[in-house]
Amino acid sequence: MASLHLVDPGALDGVGVGDTVTLDGPEGRHAVSVARVRVGEALRIADGRGTVVAGTVASTGRDELTLVVDAVTVESASRPALVLVQALAKGGRDEMAVQAATEIGVDRIVPWAAARSVSRWDGAKVEKGRTRWAAIAQEAAKQAVRSRVPEVDAPVTTAQLASSSGVGPSSGVGPSSGVGPSSGVGQEVRRALVVLDPVGAVRLSAWEPPADVDEIVLVVGPEGGIDSAEFDRLEHAGAVRVRLGDTVLRTSTAGPAALAVLQTRLGRW
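In this numbering scheme, every chain counts its residues from 1 along its sequence in written order. Where totals are concerned, whole chains, interfaces and linings use all residues; where local detail is concerned, this predicted model gives features only for residues with pLDDT of at least 70, and gives and counts side-chain atom pairs only at 80 or more. No hydrogens and no water enter the side-chain calculation; it runs on all heavy atoms of the structure.

It is worth spelling out the pattern of salt bridges at this point. We define a salt bridge as a side-chain nitrogen of Lys or Arg found within 4 Å of a carboxyl oxygen belonging to Asp or Glu. Enumeration over the complete set of coordinates arrives at 15 salt bridges. A salt bridge links E95 to R132; the shortest N-O distance between them is 3.3 Å. A residue pair is termed long-range when its members are at least 10 positions apart, and E95 in helix α2 (residues 93-104) and R132 in helix α3 (residues 124-143) qualify at 37 residues. One salt-bridge network, in which partners are shared between bridges, spans R108, D153, R191 and E215. Secondary structure is summarised from DSSP: a helix means a run of H or I of at least four residues, a strand means a run of E of at least two, and numbering begins at the N terminus for each.

Dropping the structure here:
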């Protein structure tokens with residue numbers, strides 16, 4: 001069975017063939033005590049940012065192991081990247097969406113405090129919620145044997161989502177023809193903004209992803225749906241309203257289903 005263990009980003013920087021890598025902490029404990037990894041077994045370790053080392057286990061301890069590296073690969077980031085803006089939802093349905101979206105291949109996740117979101121992150125709940133989503137994404141990435149773990153941003157409001165300053169560490173969510181600033185100096189990021197609407201005139205399966213964008217940003221509303229003022233604001237920012245089909249999906253399944261359609265439209269599936 002394919003498996004992958006994760007270490008902190010940067011932990012594999014500079015590692016080459018013949019080097020030794022130590023897997024410790026919760027990941028090492030799980031590998032040794034739960035997965036029962038033994039000396040001589042082949043293992044793969046990733047840093048969650050695309051670097052993967054493969055090798056043979058040289059030694060094991062109570063809660064750690066060492067690996068002699070046989071190969072190092074670096075998997076490039078997808079372009080266009082897929083970004084899920086997921087509305088906060090009650091009953092853990094937003095967390096279900098995060099898990100499935102990660103398994104399907106989302107690159108970044110942005111929590112959205114939509115007008116009709118019953119669940120609210122205020123005060124200490126903001127970082128607690130973001131950390132919870134990040135942990136879910138990491139576990140789902142391991143389950144899917146992904147070398148890249150999706151980043152989970154701080155939550156945004158509708159105003160931030162629709163503004164030119166945008167959301168997330170890359171900044172700027174804009175129309176397909178627009179350009180938003182990037183976190184990189186001298187770099188610009190082109191984005192297509194797509195909003196799921198059960199009565200949208202365009203089917204997502206028929207929507208043609210722009211060829212010149214760096215990110216496709218998919219916006220999914222809460223259980224109560226996206227209100228008309230939010231739709232107007234997002235459309236004014238250049239968003240395209242699309243539907244999945246003739247049935248209405250819950251917020252826990254709408255995003256993952258749409259991401260699967262996009263993966264197919266992009267020729268990745």
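This brings us to helix α1 (residues 25-34). A simple rule labels every residue: compare its accessible area, found with a 1.4 Å probe on the protein chains alone, to the largest value its type can have, and call it buried under 20%, exposed over 50%, or partly exposed in between. Every buried residue belonging to α1 is among E27, G28, A31 and V32, and all of these are buried. The arc that holds the buried residues of α1, viewed along the axis, is 120°, so those residues lie on one side. For α1, exposure combined with an orientation more than 90 degrees from the buried face picks out P26 and V34. The criterion used for residue contact is that any of the two residues' heavy atoms lie within 4.5 Å. Looking at the buried positions of α1, the neighbouring elements they touch are β1 (5-6), β2 (20-23), β4 (51-60), β5 (65-74) and α3. Directly after α1, the chain includes R36, whose backbone phi takes a positive value near 60°. As used here, the arc belongs to the directions running from the helix axis to the C-beta atoms.

Time to look at the packing of aromatic side chains. Within 6.5 Å between ring centres, the rings of Phe, Tyr and Trp (the latter by its six-membered ring) count as paired, and their orientation is classed by plane angle as stacked under 30 degrees, edge-to-face over 60, tilted in between. Per the counting criterion, the structure on display carries one aromatic pair. Here, a charge over a ring is recorded when the distance from Lys NZ or Arg CZ to the ring centre is within 6 Å and its angle to the ring normal is within 35 degrees. Seen from the ring of F231, R241 lies directly overhead, with NZ or CZ sitting 3.9 Å from the centre.

For V72, the location among the structural elements is in strand β5. Residue classification places V72 among the partly exposed residues on the basis of a relative accessible area of 33%. C-alpha separation for the pair V72 and I109, spaced 37 residues apart in sequence, amounts to 28 Å.

Topologically, T251 is positioned in helix α6 (residues 251-265). T251 has contacts with Q86, A89, R93, A97, V220, G221, P222 and E223, leaving out every residue within four places of it along the chain.

The next thing to look at is the sheet that holds β1. If you walk across this open sheet you meet the five strands as β1-β3-β4-β5-β2, and the pairing is mixed. Of all the strands in the sheet, the pair left with one neighbour each is β1 and β2. Should DSSP find at least two bridges between two strands, the strands are regarded as paired. Of the strand pairs in this sheet, β2 and β5 are connected by four bridges, and their pairing is antiparallel. What sits directly across from V21, in β5, is L67.

None of this, on its own, says anything about what the molecule does.
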